Amino acid sequence: MTVLPVPDTALIVVAAGSGTRLGAGAPKALVGIDERSILRHALDGVFAAAPMQVIVVAPAGFEGEAESELLAAAGDRVDLGRVVTGGETRQLSVAAGLGALWGDVTRVLVHDAARALTPPSQIDGVARAVGADTGAIPVLAVVDTLKRVDETSIVEAVDRAELAAAQTPQGFPRLPLEAAYATALASGTEYTDDAALFAAAGHRVRHIRGSERAFKITTPADLERARHLLSGATAAAPVPIIPVVGIGTDVHAFGGDGDLRLAGLEWPGEPALSGHSDGDAVAHAIVDALLGAAGLGDIGQLFGTSHPEYAGAHADVFLARTLDLVTDAGWRIGNVAVQFQGNRPRFSARRIEAEQALSDALGGARVTVSATTTDGLGFSGRGEGISVTAIALLVPAS
Ligand code: CTP
Ligand code: MG
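Residues numbered from 1 in each chain as written. Chains lettered and ligands numbered in written order. Predicted model: local features only at pLDDT ≥ 70, side-chain atom pairs only at ≥ 80, totals over all residues. Heavy atoms only, no water.

Participant: Describe the overall build of the protein chain, listing the residues and the values that go with them.
Facilitator: Helices and strands together make up the secondary structure of the protein chain, namely 12 helices and 15 strands. In terms of overall dimensions, the protein chain has a C-alpha envelope of 100 × 45 × 40 Å along the principal axes. Relative to its 398 residues, the protein chain shows a buried fraction of 45%. Contacts in the protein chain between residues at least 24 apart in sequence constitute 72% of all its contacts with a sequence separation of at least 6. Accessible area for the protein chain stands at about 19,600 Å²; split by element, carbon and sulfur atoms hold 53% of it. Positive and negative side-chain charges of the protein chain, numbering 30 and 46 respectively, have mean locations separated by a distance of 6 Å. (Helix = DSSP H or I, 4+ residues; strand = E, 2+ residues; numbered from the N terminus. Buried < 20%, exposed > 50% of the residue type's maximum accessible area, 1.4 Å probe, protein only. Contact = heavy atoms within 4.5 Å. Areas by Shrake-Rupley, 256 points an atom, 1.4 Å probe, with all protein chains shown as cover. Lys, Arg positive; Asp, Glu negative; His and termini not counted. Charge placed at Lys NZ, Arg CZ, Asp CG, Glu CD.)

Participant: Which residues make up the packing of aromatic side chains, and what are the values?
Facilitator: Given two aromatic rings, their pairing is described by the distance between the two centres and the angle made by the two planes. According to the stated counting rule, one finds 4 aromatic pairs in the structure shown. Taking 5.1 Å as the distance between ring centres and 80° as the angle between the ring planes, the aromatic pair formed by phenylalanine 303 and phenylalanine 318 counts as edge-to-face. Remark: phenylalanine 318 occurs in helix H10 (residues 315-328) and phenylalanine 303 occurs in helix H9 (residues 299-303); sequence separation between them is 15 residues. Using a relative accessible area of 3% as the deciding quantity, one classes phenylalanine 303 as buried. Taking the relative accessible area as the measure of exposure, phenylalanine 318 reaches 2% and is therefore buried. Following the ring pairs from residue to residue traces out a cluster consisting of Trp267, Phe340 and Phe347. A cation over a ring is seen here: arginine 225 above phenylalanine 215, with NZ or CZ 3.9 Å from the ring centre. The residue whose ring lies beneath arginine 350 is tryptophan 267, and the NZ or CZ to ring-centre distance is 4.6 Å. (Phe/Tyr/Trp six-rings, centres within 6.5 Å; stacked < 30°, edge-to-face > 60°. Lys NZ or Arg CZ within 6 Å of the ring centre and 35° of its normal.)

Participant: Can you tell me about the site of ligand 1, naming the residues and giving the values?
Facilitator: In the vicinity of ligand 1 there are 18 residues, among which Gly19, Thr20, Lys28, Ser93 and Lys216 approach most closely. Contact between ligand 1 and lysine 216: an oxygen atom at 2.7 Å from a side-chain N or O atom of the residue. Within the complex, the protein chains bury 87% of what would otherwise be the 560 Å² of accessible surface of ligand 1. For the shell around ligand 1, a count of residues per class yields 5 nonpolar, 7 polar and 6 charged. (Near = heavy atom within 4 Å. Polar contact = N/O pair within 3.5 Å; in protein donor to acceptor, adjacent residues only side chain to side chain. Nonpolar A, V, L, I, M, F, W, Y, C, P; charged D, E, K, R; others polar.)

Participant: I'd like to hear about the packing of helix H8 (residues 281-294) against H10, residue by residue, with values.
Facilitator: One way to put it is that H8 packs onto H10 with a least axis distance of 10 Å and a crossing angle of 5°. Relative to H10, H8 is oriented roughly parallel. Contact with H8, carried on its side by Ala283, His284, Ile286, Val287, Leu290, Leu291 and Ala294, involves Ala315, Phe318, Leu319, Thr322, Leu325 and Val326 of H10 and no other residues of that element. A per-class count over the contact of H8 with H10 returns 11 nonpolar, 2 polar and no charged. (Axes fitted to C-alpha atoms, helices over the stretch in contact; angles between N-to-C directions. Parallel < 35°, antiparallel > 145°, perpendicular 65-115°, else oblique.)

Participant: Run through the nonpolar core, naming residues and quoting values.
Facilitator: Core analysis: the largest hydrophobic core is formed by 45 residues, its most contacted members being Val282, Ile286, Leu290, Leu319, Val336 and Leu362. At 11 residues, H8 tops the list of elements feeding residues into this core. In contact with valine 282, other than residues within four places in its own chain, are Leu262, Ala263, Val338, Phe340, Leu358 and Val388. One finds Ala29, Phe47, Ala58 and Ala127 within the second-largest nonpolar core, a separate group that totals 28 residues. (Core = buried A, V, L, I, M, F, W, Y, C linked by side-chain atoms within 4.5 Å.)

Participant: Now, about unusual backbone geometry: what can you tell me, with residues and values included?
Facilitator: Across the junction of threonine 168 and proline 169, the peptide omega takes the value 5°, indicating a cis bond. With respect to the secondary-structure elements, proline 169 resides in the loop between strand E8 (164-166) and strand E9 (170-173). A cis amide bond, omega -5°, links arginine 344 with the succeeding residue proline 345. With respect to the helices, strands and loops of the structure, proline 345 is situated in the loop between strand E13 (331-341) and helix H11 (351-361). If you check the backbone angles, alanine 263 has positive phi at about 55° while not being a glycine. As for its placement among the helices and strands, alanine 263 is situated in the loop between strand E11 (244-262) and strand E12 (265-273). For alanine 263, a relative accessible area of 0% translates into the label buried.

Participant: Kindly report on the pairing of strand E6 (residues 146-149), identifying the contributing residues and their values.
Facilitator: Judged from the 4 bridges that link them, E6 and strand E7 (residues 154-158) form a sheet pairing that is antiparallel. Pairing of valine 149 across the sheet is with isoleucine 154, part of E7. Remark: 4 residues form the turn of the hairpin made by E6 and E7, two consecutive strands paired antiparallel. (Pairing = 2+ DSSP bridges.)

Participant: Quick rundown of helix H1 (residues 38-48)? Include the residues and the values.
Facilitator: Counted residue by residue, H1 has 9 buried out of 11 residues, so it is predominantly covered. For H1, every residue scored as buried is listed here: Ile38, Leu39, Arg40, His41, Ala42, Leu43, Gly45, Val46 and Phe47. Those residues of H1 hidden inside the fold are in contact with strand E1 (9-14), strand E2 (53-58), helix H2 (63-74), strand E4 (107-112), helix H4 (120-129) and helix H7 (220-230).

Participant: Tell me about the pairing of E1, and name the residues and values.
Facilitator: Consecutive side chains of a regular strand alternate in pointing toward one face of the sheet and then the other. Of all 6 residues in E1, 6 are buried, a share of seventy percent or more. By the alternation rule, side chains of E1 split into Thr9, Leu11 and Val13 and Ala10, Ile12 and Val14, which are all buried. One ladder, built from 6 bridges, connects E1 with E4; its direction is parallel. Each bridged residue has a counterpart across the sheet, and for leucine 11 the counterpart in E4 is leucine 109. Across 5 bridges, the pairing between E1 and E2 is parallel.

Participant: Now, about the side chain of aspartate 250: what can you tell me, with residues and values included?
Facilitator: Position of aspartate 250 among the secondary structure elements: in strand E11. In terms of polar contacts, aspartate 250 uses its side chain to reach the side chain of histidine 252, at 3.0 Å. Ignoring any residue separated from it by four or fewer positions in sequence, one finds aspartate 250 in contact with Ala281, His284, Ala285, Ile386, Ser387 and Val388.

Next up, the structure:
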């Protein structure tokens, strides 16, 4: 018979929650992921880590089931495990686990059974990082952009570099942890996790890198995620997103009334272009490119002379209406690129302004505009008018 050395580390697996949000009709830890329960998977990870005392905190009335899972997972380390009954809150369940620690234990790890797929290396890493007076927890960087909000509005942006998402196991030196628990229980204060309770007693908690697989199974979608990971399925092949492109051209002669309107801007002192609307050939070419890409016809059909309400309208009106039509048809604008050929206006100084105006009219889409001359050739080279070409890329909205 192998005599195992008495470990100086214990791990408390809290598994006594009811799993309200999972809604599986049984205590969460006993719900199956595949042919094995959440608790069994958690214990498989625990027993694959370095030898430790393992205390399973079971839901009241389910101690027998928890015992069976412990026996099945422990293998030849069965002497290291035992089951205790949990409490009303997670904090009380941890306290119940603390009551079962062996005398030689100097370091305690507290682990959620619900983090069933936590890699054993994370458990060992936390155990190693616990100091004589300091705790250690695994964290993951926050990837989403975060905002502080009130009921209806954004209050302020929150710098995510200062934030991390806490996981388990969370590890602590035994005596300070027991003292911190005694204080918390005496005061009746509920902490969000063990690290918060330990820190509230004035101790430092280090962080180490957590793992995506250590996510907590909370909702049915989380359970599906765990099933998917265990099925060994490689990430489903992404559904190909097939974009569509459209092209639009427009030509206008100089000779309109008033000042030039082009690319969503007014150009005081520049000769105006003639046309049914304001003659903004850049905007018109964009409209045709977008409508063409979406298969919605063309500018003449939607905004032509049979629509007197658009006579004299400016770029923002056409573009906003076109954006609505394209959006309603299920598309999102990838980008729009435009080039015009003409001797005037001299464009480069107002390029950014023009791109911004067009982008604003298209709900913030990326719009780029360039300009060129034709070396004196053709109607644009002779200064009779300008010619514009636009291409637009649309992608399916979902
Ligand atoms: N836990 C516990 N005792 C409690 C409450 C929770 O041991 N009284 C354990 C859970 O079993 C779980 C971990 O603490 O492993 C994290 O809790 P959570 O994910 O919130 O689980 P539940 O409380 O079971 O779920 P819910 O909040 O949806 O009811
Ligand atoms: Mg809970």
